[in-house]
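Summary of structural features
The primary structure of each chain is shown beneath.
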Amino acid sequence: NKELESYGGCGLCLVEVEGIRKPLRACSTTVTEGMKVTTSTPELEKHIHKLIKKVTSDIDSMKFNTAIAAMMGTINTIYDIGKITKTELSTLSKILSPFAPHLAEEMWSLLGNSGLVSISEWPKYDEAKTVDSTVEMPVQINGKVRSVIMTPKDADKDTVLAIAKADEKVAAAIGNM
């Protein structure tokens, strides 16, 4: 690539900057364009607690790329849900702070928080809110995955079979047998 050659290096730094630009823009857009701020949804609340746990663990283990990936996933979830609370946005700015300090401080300030986000207390997660009550289970018929079903985490074999048979893709596949 001629642009990378003119840069005088392999271009790895440019690739990394481009890779993080989209999630950072999404974070700032969430705050500046006034995402619908409302009461918390259980789905997003659970996602935020999982994010706090994941990023905390990843920072301790120095797995920064997976922490950033988790933040990007949360941003996508926020956009899918379409609403977020001011508290959740403040928490997001705290989590973002070690990775993008200037943007996190700007978000913190725009949200009306006092002081600096960099010296605020790191968010805590509720372990109970990080546990899923359902699990995704792929259904294979004749060696091919025909569908993916959601089942209760503690479901017995008969319950799982009933849920699988009720799935229209599975029903269509076993109807021909």
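For the structure, see preceding data.
Read on for a plain summary of the structure. Quick caveat: nothing in here was measured; it's all calculated off a predicted structure.

The rules behind these values
Residues numbered from 1 in each chain as written. Predicted model: local features only at pLDDT ≥ 70, side-chain atom pairs only at ≥ 80, totals over all residues. Heavy atoms only, no water. Pairing = 2+ DSSP bridges. Helix = DSSP H or I, 4+ residues; strand = E, 2+ residues; numbered from the N terminus. Buried < 20%, exposed > 50% of the residue type's maximum accessible area, 1.4 Å probe, protein only. Core = buried A, V, L, I, M, F, W, Y, C linked by side-chain atoms within 4.5 Å. Contact = heavy atoms within 4.5 Å. Axes fitted to C-alpha atoms, helices over the stretch in contact; angles between N-to-C directions. Parallel < 35°, antiparallel > 145°, perpendicular 65-115°, else oblique. Left-handed = near helix turned anticlockwise from the far one by under 90°. Nonpolar A, V, L, I, M, F, W, Y, C, P; charged D, E, K, R; others polar. Polar contact = N/O pair within 3.5 Å; in protein donor to acceptor, adjacent residues only side chain to side chain.

**Notes on the pairing of strand 4 (residues 144-152)**
Two strands pair when backbone bridges link them, and strand 3 (residues 134-141) and strand 4 are joined in this way by eight bridges, in the antiparallel orientation. Pairing of Ile 141 across the sheet is with Lys 144, part of strand 4. As consecutive antiparallel partners, strand 3 and strand 4 are separated by two residues, and within that stretch Asn 142 has a phi angle of approximately 55°, a positive value.

**Some details on the environment of Asp 80**
Looking at the secondary structure, you find Asp 80 in helix 4 (residues 64-81). Taking relative accessible area as the criterion, Asp 80 reaches 67% and is therefore assigned exposed. When the C-alpha positions of Asp 80 and Leu 44 are compared, they lie 10.0 Å apart, and in sequence the two are 36 residues distant.

**What to know about helix 5 (residues 86-96)**
Burial analysis of helix 5 places nine of its eleven residues in the buried class, which makes it a mostly covered element. Three or more residues of helix 5 are buried, namely Glu 88, Leu 89, Ser 90, Thr 91, Leu 92, Ser 93, Lys 94, Ile 95 and Leu 96.

**Some points on the nonpolar core**
Nonpolar side chains in soluble globular proteins generally cluster together in the buried interior. In this structure, Leu 51, Val 55, Met 71, Ile 95 and Leu 96 are the most contacted members of the largest nonpolar core, which totals 20 residues. Mapped by element, the contributors of at least two residues to this core are helix 3 (42-60), helix 4, helix 5 and helix 6 (101-110). Setting aside chain neighbours within four positions, we find Leu 51 in contact with Ala 70, Met 71, Thr 74, Leu 92 and Ile 95. Of all hydrophobic cores here, the second largest spans seven residues; its members include Val 139, Ile 149, Val 160 and Val 170.

**Side note on the packing of helix 5 against helix 6**
The N-to-C vectors of helix 5 and helix 6 enclose an angle of 160°; their axes lie 8 Å apart at closest approach. Taken together, the axes of helix 5 and helix 6 lie roughly antiparallel to each other. Helix 6 is crossed by helix 5, and the crossing has left-handed handedness. Judged by residue contacts, Leu 89, Ser 90, Ser 93, Lys 94 and Leu 96 of helix 5 engage Leu 103, Ala 104, Met 107 and Trp 108 from helix 6. A breakdown of the residues in the contact of helix 5 with helix 6 according to their chemical character gives six nonpolar, two polar and one charged.

**With respect to the side chain of His 49**
Examined against the element boundaries, His 49 turns out to sit in helix 3. The residues touching His 49, leaving out its near neighbours within four places in the chain, are Lys 124, Tyr 125, Asp 126, Lys 129 and Thr 130.

**Quick word on the side chain of Thr 130**
Along the polypeptide, Thr 130 turns up in the loop between helix 6 and strand 3. Note on Thr 130: relative accessible area 12%, which makes it buried. Within the structure, the side chain of Thr 130 is placed 2.7 Å from the backbone oxygen of Glu 127, a separation counted as a polar contact.

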